Amino acid sequence: MIDSLLQLDYHLFDFINQSLSNSFFDTIMPIIRNKKTWIPFYFILVFFIFKDFKPKNAFIIIVLGVLCVVLADAVSSHLLKPYFNRIRPCDLEPFAWHINLVLTKCSGAFSFPSSHAANHFALGSFLALVFYKKLKWLSYLLLFWASLICFAQIYVGVHFPSDVLGGAVLGGLIALVAFVFYRKVII
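Residues numbered from 1 in each chain as written. Predicted model: local features only at pLDDT ≥ 70, side-chain atom pairs only at ≥ 80, totals over all residues. Heavy atoms only, no water.

> Let's hear about the confidence of the model for the protein chain: which residues, and what values?
In the predicted model, the protein chain carries a mean pLDDT of 92, and 97% of its residues have values of at least 70. Looking at the elements of the protein chain, mean pLDDT is at its lowest for helix α5 (residues 93-96), recorded as 68, and at its highest for helix α6 (residues 115-131), recorded as 97. (pLDDT = per-residue confidence, 0-100. Helix = DSSP H or I, 4+ residues; strand = E, 2+ residues; numbered from the N terminus.)

This is how it looks when you write it as structure tokens:
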């Protein structure tokens, strides 16, 4: 069973990294996965938070959003990655020689779960839950944004699909806990 799942993971990786490879994605995916790219987006999110919520609630939302990212990053990077010790596809022998590594180098750190996926899904899912009743379109946009970053991580060759799925699940769970806490605080 585990061998079948690993084979599926490898095939999905090859499909995204190799079969979908093109010059447009080679240019745009490194930009999409770069956390600095999204700084203006974060400011827009803060604007919507203060626009649509009372100042006290807006402050709580921002603090919980930051805590979601910090917790997701700490758990993925310092607890789970050292435990699982999964080698990145760009460092793994069967893949390293034929991979479409769009980045200048492979990070060398462990791969499972993806911290990018965990962090962005923690923030995106938390804010999607917070905004769902007020701005459904923004909730869907936030989930698409986090998914796009996950796709970019696979495309550039630094994560397997299961790495980003694991990160997304971790981030989503952290977001859910934060949202339940938020609902108890504001009621």
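> Explain the packing of helix α2 (residues 23-33) against helix α7 (residues 136-155) residue by residue, including any values.
Taken N-terminus to C-terminus, the directions of α2 and α7 make an angle of 125°; their axes are 9 Å apart at the nearest point. It follows from the interaxial angle that α2 and α7 lie oblique. α7 is crossed by α2, and the crossing has left-handed handedness. In this structure, α2 contributes F25, D26, M29, I32 and R33 to the contact, and α7 contributes L148, I149, F151, A152, Q153 and Y155. Class assignment of the residues belonging to the contact of α2 with α7 gives a composition of eight nonpolar, one polar and two charged. (Axes fitted to C-alpha atoms, helices over the stretch in contact; angles between N-to-C directions. Parallel < 35°, antiparallel > 145°, perpendicular 65-115°, else oblique. Left-handed = near helix turned anticlockwise from the far one by under 90°. Contact = heavy atoms within 4.5 Å. Nonpolar A, V, L, I, M, F, W, Y, C, P; charged D, E, K, R; others polar.)

> Tell me what's going on with helix α4 (residues 55-84), and back it up with residues and numbers.
Counted at 1.5 Å a residue, the expected span for α4 with its 30 residues is 44 Å, and the 42 Å between its end C-alpha atoms agrees. Among the residues of α4, N57, A58, I60, I61, L64, G65, C68, A72, V75, S76 and K81 are the ones counted as buried. For α4, the secondary structure elements touched by its buried residues are α3 (39-52), α6 and α8 (161-186). N85 sits one or two positions beyond α4 and adopts a positive phi of about 50°. (Expected span 1.5 Å × (residues − 1). Buried < 20%, exposed > 50% of the residue type's maximum accessible area, 1.4 Å probe, protein only.)

> Describe the environment of K54, listing the residues and the values that go with them.
Mapped onto the elements, K54 comes out in the loop between α3 and α4. Through-space distance from the C-alpha of K54 to that of I99 is 49 Å; in sequence the pair is 45 residues apart.

> Residue-level account of a nonpolar patch on the surface, with values.
On the surface, M1, L5, L8 and L12 cluster together into a nonpolar patch covering about 440 Å² of accessible area. Within the fold, L5 resides in helix α1 (residues 2-19). (Patch = residues over 30% accessible without salt bridge, like charges linked within 9 Å, V, L, I, M, F, W, Y side chains within 5 Å. Areas by Shrake-Rupley, 256 points an atom, 1.4 Å probe, with all protein chains shown as cover. Salt bridge = Lys/Arg side-chain N within 4 Å of Asp/Glu carboxyl O.)

> Mind laying out the packing of aromatic side chains, listing which residues take part and the relevant values?
Enumeration according to the criterion identifies 18 aromatic pairs in this entry. An angle of 40° between the planes, with centres 6.1 Å apart, marks the rings of F24 and F25 as tilted. By relative accessible area, which is 54% here, F24 ends up exposed. Ring plane angle 75° and centroid distance 6.0 Å describe the contact between F25 and F151, whose orientation is recorded as edge-to-face. (Phe/Tyr/Trp six-rings, centres within 6.5 Å; stacked < 30°, edge-to-face > 60°.)

> Could you give an account of the nonpolar core, with specific residues and numbers?
Ranked by size, the top nonpolar core spans 52 residues in total, and within it I61, F126, L127, F131, L142, W145 and Y182 carry the most contacts. Elements with a contribution of two residues or more to this core: α1, α2, α3, α4, α6, α7 and α8. Every residue in contact with W145, bar those within four places of it in the chain, is listed here: W38, F41, Y42, H120, L123 and G124. (Core = buried A, V, L, I, M, F, W, Y, C linked by side-chain atoms within 4.5 Å.)

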